Amino acid sequence: MKVVIIGGVAGGASTATRLRRVDETAQIVMFDRGDYVSYANCGLPYYIGGAISERKKLFVQTANNFSNQFNVDVRLNAEVTDIDLKAKKVTVRTAEKTYEESYDKLVVSTGAEPIKPPFPGINDPRIFSLRNVDDTDKIKDYIDAKKPKRAVVIGGGFIGLEMAENLTEAGVETCVVDIADQVMVPLDFTMAAIVHRHLKQKKVGLMLQEEVTGFAPQGDKLKVLLKSQKELAADMVVLSIGVRPEAALAKKAGLALGLLGGITVDEYMQTSDSSVYALGDVVEVFNPVIQKHVLIPLAGPANKQARIVADNLAFGNQYKYSGTIGTSVAKVFDLTVAAAGVNSKVLDREKIPYITSFTHPNSHATYYPGAKPISIAIHFSPKDGRLLGAQVVGQAGADKRLDLLAQVIKNGGTIYDLQEIEHAYAPPYSAAKDPVNMAGFVAENILHGKVKVIHWWQLKDLNPETSQLIDVRTPGEVSAGLIPGAINIPIGELRKRLDEVPKNKKLVLNCGVGLRSYNAARMLILNGFENVYNLSGGYTTYAAVTKKQSSDKPFASD
């Protein structure tokens, strides 16, 4: 069997190595139009910022090592320009010649390409994008040679914020511009607000709801032109608007594409042609949460798909890919930002009923030094508690909490499974009731009607004539901030001051994070008060979302 693989990075290289491990006789030819094979794509921003100090560490394998170890015919700087499905051959173009290569089975792993809108001035050499090693070298060389003082990153997605951090670490003052009202699309606005605050604390400028219209030279600077008529003068720009499947080759060949422009594959990762498989960022994958095919360009799923593709090539279609729920994580300075499943925007769009809950536990036992707050948001079904989405923003331990939540989502589990998760407990690592357990306990209280919740965005609809906000924090805590219209009755005094609580009004209780106010709500309910609500996430959530999200100045030194 002769297998031709188009693309030599995550998906393609992993397919080749797995196939060789299960079939010593297969002839494997792998084409890549670039200079490198099997490199750490996700590590590229960290080389620019200096966290990865040696360039050679980006490369998992050199082409020679790859060929020698796995007996794969690796051909670099070789671009596949055509696929002839009927004749089972591809056309390959190199600097020296154009030729054809036959195959028995073909694997398409062409990935995704950065979106580069046709803005005026888009071809200025000071405008960069980051997809591969060549892009990385251009950015790194420019920083080393030109010593830029200011950079604008256009797009606040995962790569955009990783670039903002690493440009800052490289000594370049940075501003992030995004057309949306928040960064990091997988997050709900409520969770993104925490990231906004942290970026500003780190002196990264943040300009939200600003649309770029073009670029223009201004002396030795480059002007970024905005629809609001504002202009940003920078020494360099990094485009991180997003990516789209690089599926032109597949489309030209006649392979079926999905509604979103990615290659259509079945559960075996097989395309509309039985001799062709596809994987990675170029395909549309099934999302079991919303029961639809979507685009989720992530390295983890690509590598898992590669194993399935290789095994199906070797043994026939025996192995199925169960789908992708979009589990992702990013480092944003001191924060870990992670998400799995779907957020409220997607649930609203798909008209899927859900309940949302926010909690703010600590990373480990509070009596052990160094505990840090973790913010957790979960969305779950009001019918059966099925977990639909989860987001975690925090420092120590945020990633491992998201991993637990993601596994429950992937398995079609519920909030009751969160309660049952058995975690490794010791004071330096967790509390006896882990933050994931607590998220489940809080969700059960909501689902079973032990407490009714209200969210920060609903407070504006409260009528002060018929509603009363009660803050149960201590006077010292309240002195730092109080929701307008709230009265302060500390929880320790509440039983003695029940006569101050109006029985004919809707009562909305809050504390710092929602725990004390839940206890206070139960206290009132058990004392005959009926219309009682707890503010989900407490004042911590309210304070994060109601402050100005954009920076006052694009650059801190202005």
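See above for the structure.
Since the model is a prediction, treat every value here as computed from it, not as a measurement. (Residues numbered from 1 in each chain as written. Predicted model: local features only at pLDDT ≥ 70, side-chain atom pairs only at ≥ 80, totals over all residues. Heavy atoms only, no water.)

### Looking at helix 14 (residues 515-526)
Along an α-helix, residues three or four positions apart point the same way, because every turn accommodates 3.6 residues. Between its first and last C-alpha atoms helix 14 spans 17 Å; for 12 residues at 1.5 Å apiece the expected length is 16 Å, and the two agree. Looking at helix 14, one finds that the buried residues are S517, Y518, A520, A521, M523 and L524. Those residues of helix 14 hidden inside the fold are in contact with helix 12 (435-447), strand 30 (506-510) and strand 31 (532-535). Just downstream of helix 14, G528 is the residue with a positive phi angle, here 95°. (Helix = DSSP H or I, 4+ residues; strand = E, 2+ residues; numbered from the N terminus. Expected span 1.5 Å × (residues − 1). Buried < 20%, exposed > 50% of the residue type's maximum accessible area, 1.4 Å probe, protein only. Contact = heavy atoms within 4.5 Å.)

### A closer look at the pairing of strand 10 (residues 150-154)
Of all five residues making up strand 10, five are buried, and the element is well covered by its neighbours. Of the two faces of strand 10, the one lined by R150, V152 and I154 and the one lined by A151 and V153 are each fully buried. Taken together, the five bridges between strand 10 and strand 11 (residues 173-178) define a ladder with parallel strand orientation. Bridge assignment links I154 to a residue of strand 11, and that residue is V177. Of the crossover connections in this fold, the one passing from strand 10 over helix 5 (residues 158-169) to the parallel strand 11 is right-handed. As paired elements, strand 10 and strand 16 (residues 236-239) share four bridges and run parallel to each other. Within strand 16, the residue paired with I154 across the bridge is L239. (Pairing = 2+ DSSP bridges. Right-handed = clockwise from strand over helix to strand, strands pointing away.)

### Section: the sheet that holds strand 28 (residues 467-471)
Read from one edge to the other, the open sheet built from five strands follows the order 27-31-30-28-29, with strand pairing classed as parallel. At either end of the open sheet lies a strand with only one pairing partner, and these are strand 27 (452-454) and strand 29 (486-488). For this sheet, the mean angle separating the axes of adjacent strands, direction not counted, is 35°. Relative to strand 31, strand 30 is paired through three bridges, and the arrangement is parallel. Across the sheet, residue L509 finds its bridge partner in strand 31, namely N534. (Axes fitted to C-alpha atoms, helices over the stretch in contact; angles between N-to-C directions.)

### Some points on the sheet that holds strand 5 (residues 89-93)
Spatially, three strands are ordered 4-5-6 in an open sheet, and the strand pairing comes out antiparallel. What marks the edges here is a single partner per strand, and that holds for strand 4 (79-84) and strand 6 (98-102). This sheet shows a mean twist of 25° between the axes of neighbouring strands, independent of strand direction. Bridge analysis of strand 4 against strand 5 gives five bridges, and the strand direction is antiparallel.

### Some points on helix 5
The end-to-end C-alpha distance of helix 5 is 17 Å, a good match for the 16 Å that 12 residues give at a rise of 1.5 Å each. Of all 12 residues in helix 5, nine are buried; the element is thus mostly enclosed. Among all positions of helix 5, only F158, G160, L161, E162, M163, A164, E165, N166 and L167 are buried. Positive phi shows up at G171, right after helix 5, with a value of about 90°.

### What about the packing of aromatic side chains?
Counting across every chain of the model gives eight aromatic pairs. Here the aromatic rings of F358 and W457 are separated by 6.5 Å at their centres, their planes lie at 85°, and the arrangement is edge-to-face. A residue pair is termed long-range when its members are at least 10 positions apart, and F358 in strand 24 (residues 355-359) and W457 in the loop between strand 27 and strand 28 qualify at 99 residues. A relative accessible area of 4% means that F358 is categorised as buried. In this structure an aromatic cluster arises from ring pairing among F189, F358, W456 and W457. Its end group placed over the ring of Y99, K97 keeps NZ or CZ at 5.0 Å from the ring centre. One residue, K503, lies across the ring of F529, its end atom 5.1 Å from the ring centre. (Phe/Tyr/Trp six-rings, centres within 6.5 Å; stacked < 30°, edge-to-face > 60°. Lys NZ or Arg CZ within 6 Å of the ring centre and 35° of its normal.)

### Observations concerning the side chain of R473
Mapped onto the elements of the fold, R473 is located in the loop between strand 28 and helix 13 (475-478). Among the residues examined, R473 registers a relative accessible area of 5% and is labelled buried. A distance of 2.8 Å separates a polar atom in the side chain of R473 from a polar atom in the side chain of D471. Of the polar contacts made by the side chain of R473, one reaches the backbone oxygen of G481; its length is 2.7 Å. (Polar contact = N/O pair within 3.5 Å; in protein donor to acceptor, adjacent residues only side chain to side chain.)

### Things to note about the packing of helix 1 (residues 10-22) against helix 8 (residues 299-315)
One can describe the packing of helix 1 onto helix 8 by two numbers: an axis separation of 8 Å at closest approach and a directional angle of 40°. The angle between the axes of helix 1 and helix 8 places the two elements in the oblique class. In terms of crossing hand, the pair formed by helix 1 and helix 8 is right-handed. Residue-level contacts link A10, G11, S14, T15, R18, L19 and V22 of helix 1 to A302, N303, A306, R307, V309, A310, D311, L313, A314 and F315 of helix 8. Looking at the contact of helix 1 with helix 8 residue by residue, the classes come out as 10 nonpolar, four polar and three charged. (Parallel < 35°, antiparallel > 145°, perpendicular 65-115°, else oblique. Left-handed = near helix turned anticlockwise from the far one by under 90°. Nonpolar A, V, L, I, M, F, W, Y, C, P; charged D, E, K, R; others polar.)

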